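Understanding the architecture of this molecule
Chain residues, written in single-letter form:
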Amino acid sequence: MKNLSPRHFLTASGLALLVALSPAIAQQAVAPADEAQAAANDNKPLAAPESNARKEQVMPETFADLVDQVSPAVVNITTTATVSTPLAGGPQLPEGSPFSDLFREFGFPGFPQGGPEGQGPSEEQRSNALGSGFVVSAEGLIVTNNHVIDGADEIEIEFFSGKTLPAKVIGKDDKTDIAVLKVESDKPLPFVKFGDSDKARVGDWVLALGNPLGQGFSASTGIVSARNRALSGTYDDFIQTDAAINRGNSGGPLFNMDGEVIGVNTAILSPNGGSIGIGFSMASNVVSKVVDQLEEFGETRRGWLGVKIQPVTEDIAESLGLAEAKGAMVTDVPTGPALDAGMKAGDVITSFGGSNIKDPRDLVRRVADAPVGKAVDVTVQRDGKPVDLQITLGRREIAEGGDGTDSKKQSENPSDIMGMSVVPLTPSLAGELGVASDSKGLVVQSVEPEGAAADKGLSRGDIITEAGQRPVTSLDDLKARISEAKDAGRKSLLLMVRREGEPRFVALSIE
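Nothing here was measured: the structure is a model prediction, and the numbers come from that model.

Here the focus is the overall build of the protein chain. The helix and strand inventory of the protein chain stands at 13 helices and 29 strands. Relative to all contacts within the protein chain whose residues are 6 or more apart in sequence, the contacts with residues 24 or more apart total 62%. Summing over all exposed atoms, the protein chain offers an accessible surface of approximately 26,100 Å²; the carbon and sulfur share of this is 49%.

Looking now at the pattern of salt bridges. Under the criterion given, the structure shown has 18 salt bridges. For Arg 227, the salt bridge is made with Asp 198, and the minimal N-O distance between the two is 3.4 Å. Placement of Arg 227 in strand E10 (residues 218-229) and of Asp 198 in the loop between strand E8 (178-182) and strand E9 (205-210) is noted, with a sequence separation of 29 residues between them. Overall, Arg 227 belongs to the partly exposed group, its relative accessible area being 25%. For the salt bridge of Asp 362 with Arg 366, the shortest nitrogen-to-oxygen distance reads 3.0 Å. Remark: Arg 366 and Asp 362 occur in helix H9 (residues 360-369); sequence separation between them is 4 residues, near one turn of the helix. In this structure Arg 366 comes out as partly exposed when scored by relative accessible area, which is 33%. Connected through salt bridges with shared partners, the residues Asp 173, Glu 299, Arg 301, Arg 302, Arg 395 and Glu 397 form a single ionic network.

Across the protein chain, the average pLDDT comes to 81, with 80% of residues at 70 or higher. Low confidence marks residues 114-119, where pLDDT is under 50. Its contacts with residues over four positions away, or in another chain, come to 8 contacts. Within the model, pLDDT remains below 50 along residues 402-413, and this stretch shows 5 contacts once partners closer than five positions in the same chain are excluded.

Let's shift gears to H9. Among the residues of H9, those classed as buried are Pro 360, Asp 362, Leu 363, Val 367 and Ala 368. In the core, the buried residues of H9 are packed alongside strand E15 (303-304), strand E16 (308-311), strand E17 (328-332), strand E18 (348-352) and strand E19 (355-356). Looking at where H9 begins, the residue whose side-chain oxygen comes 3.2 Å from the main-chain nitrogen of Arg 361 is Asp 359.

What follows concerns the packing of aromatic side chains. Tallied over the entire structure, the rule returns 4 aromatic pairs. Between Phe 160 and Phe 217, the aromatic rings sit 4.5 Å apart at their centres with planes inclined by 80 degrees, giving edge-to-face as the arrangement. One end of the pair, Phe 160, is in the loop between strand E5 (154-158) and strand E6 (164-166); the other, Phe 217, is in the loop between E9 and E10, and 57 residues separate them in sequence. On the accessibility criterion, Phe 217 (24% relative accessible area) is partly exposed. The positively charged end of Arg 301 is found above the aromatic ring belonging to Phe 297, 3.9 Å away from the centroid. A cation sits over an aromatic face here: Arg 302 above Tyr 235, 4.3 Å from the ring centre.

It is worth spelling out the environment of Ala 64 at this point. By the element assignment, Ala 64 lies in helix H3 (residues 64-70). Assessed through its relative accessible area of 36%, Ala 64 is described here as partly exposed. Separated by 155 residues in sequence, Ala 64 and Ala 219 place their C-alpha atoms 9.7 Å apart.

Moving on to a negative patch on the surface. On the surface, Glu 139, Asp 292, Glu 295 and Glu 296 cluster together to form a negatively charged patch. Examined against the element boundaries, Glu 296 turns out to sit in helix H6 (residues 284-297). Residue Glu 296 is classed as exposed on the basis of its relative accessible area, which comes to 59%.

Right, let's get into the nonpolar core. Of all hydrophobic cores here, the largest spans 30 residues; its most connected members are Val 143, Val 192 and Phe 255. Elements with a contribution of two residues or more to this core: helix H1 (33-41), H3, strand E4 (141-145), E8, E9, strand E13 (261-269), strand E14 (279-283) and H6. No other element matches H6, which puts 5 residues into this core. Discounting residues that sit within four places of it in the chain, Val 192 has contacts with Pro 45, Leu 46, Val 70, Ala 73, Phe 134, Val 135, Val 136, Phe 255 and Val 261. One finds Ala 453, Leu 478, Ala 485 and Leu 493 within the second-largest nonpolar core, a separate group that totals 21 residues.

Thresholds applied
- Residues numbered from 1 in each chain as written.
- Predicted model: local features only at pLDDT ≥ 70, side-chain atom pairs only at ≥ 80, totals over all residues.
- Heavy atoms only, no water.
- Helix = DSSP H or I, 4+ residues; strand = E, 2+ residues; numbered from the N terminus.
- Contact = heavy atoms within 4.5 Å.
- Areas by Shrake-Rupley, 256 points an atom, 1.4 Å probe, with all protein chains shown as cover.
- Salt bridge = Lys/Arg side-chain N within 4 Å of Asp/Glu carboxyl O.
- Buried < 20%, exposed > 50% of the residue type's maximum accessible area, 1.4 Å probe, protein only.
- pLDDT = per-residue confidence, 0-100.
- Polar contact = N/O pair within 3.5 Å; in protein donor to acceptor, adjacent residues only side chain to side chain.
- Phe/Tyr/Trp six-rings, centres within 6.5 Å; stacked < 30°, edge-to-face > 60°.
- Lys NZ or Arg CZ within 6 Å of the ring centre and 35° of its normal.
- Patch = residues over 30% accessible without salt bridge, like charges linked within 9 Å, V, L, I, M, F, W, Y side chains within 5 Å.
- Lys, Arg positive; Asp, Glu negative; His and termini not counted.
- Charge placed at Lys NZ, Arg CZ, Asp CG, Glu CD.
- Core = buried A, V, L, I, M, F, W, Y, C linked by side-chain atoms within 4.5 Å.

Following this line, the structure appears as structure tokens:
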């Protein structure tokens, strides 16, 4: 089977869609307004109407009744942000033209002037982006994707009735790409509730609602194609569906036939930017916990165990005398809660909080959901015997914050090497570059015009993920690869460089 490149993954809102392809058609509410409002006044979520198809779990003759019931809680989201764009008006020269240096040096009007980082004059402009969301409380809480509202100066919510209200951000989480907004309304708002995504089965009918391509309210249907998909995040648990999801659908709900939200439409797999029937919705059992924390604290508060882990393979299970290849094997125990409780490298975590652990992903999710500061029972397999530990979990955000501080200091003092200046990729830099927050590598800060990196076309914002066909996460890693290449008598070092998600190999001279 051919592996698909990560470049095919697109957020469903589509890389900051700046303008709608055509004016959104004014929406006309299909569901009786008084019915939806009555439910809101009674603080009851909207739900699917009773039908024989639902009771007998057969294909419905129509989805219209379900759409009528839940659509008043689905919203369109328009964000406005200020962006800097280069000033136009200069001569159009081919890339690498010898005249470009001449015009830049003598300041041709409108031509970008050279700077320490090659930045020219720019002007600020307002840009719009579109997305979707849904109301989860009568008081006006709205759930959407973080990438829909990230960096926005203004957020406007358009309801199914056509009414618009401004919104403010209550909290956001880049690890699950979820954000919670709040609008102030003079009366209760119709809302929907989360369902149990773990009950969704492959083959179940689902309904996606949202604002694809800025066309306004739109519905599409399909089935659950797969479950427990992981893309690139630590806490990924995606439902895969063939319901049409396109740019602008980001943040919209994926409903089951009971009218419950079982997923938040987030991304698509596509070679051309359009729906080909492979869409991904973050499972509601992940989203609902994040929403509860963002509503209560304005931030996430995840548990932290403090270990490095890897899967238990069949070979490892056999060598340790385990009956099954399950659990999470501990490879390192740095300073933290697990070390304090006596956990050791080589332990296999088989149970956490009274639940058996299937694999490392299962453990990560259970630890994240566990309460911070409370003791949790953990069972490990050590020397062929079970060992019970009691571990008081720390808070992941604080633990990562310490690392983030160090990384920030490093980013303020970039290091020059091979004709370029590089810094470690931090979560904040990853957000600026539009890559996953847990991505690793070195970010190119600047390139010497006459250096080896410039000769090979490297530029600011490129991410170096491998050197000598091995991962690099620090300057020391890169220096070690250079030293190894020189010791082997090589004149160049092979780098894996990613630009806007596209990977390529570059051989840089190390002489």
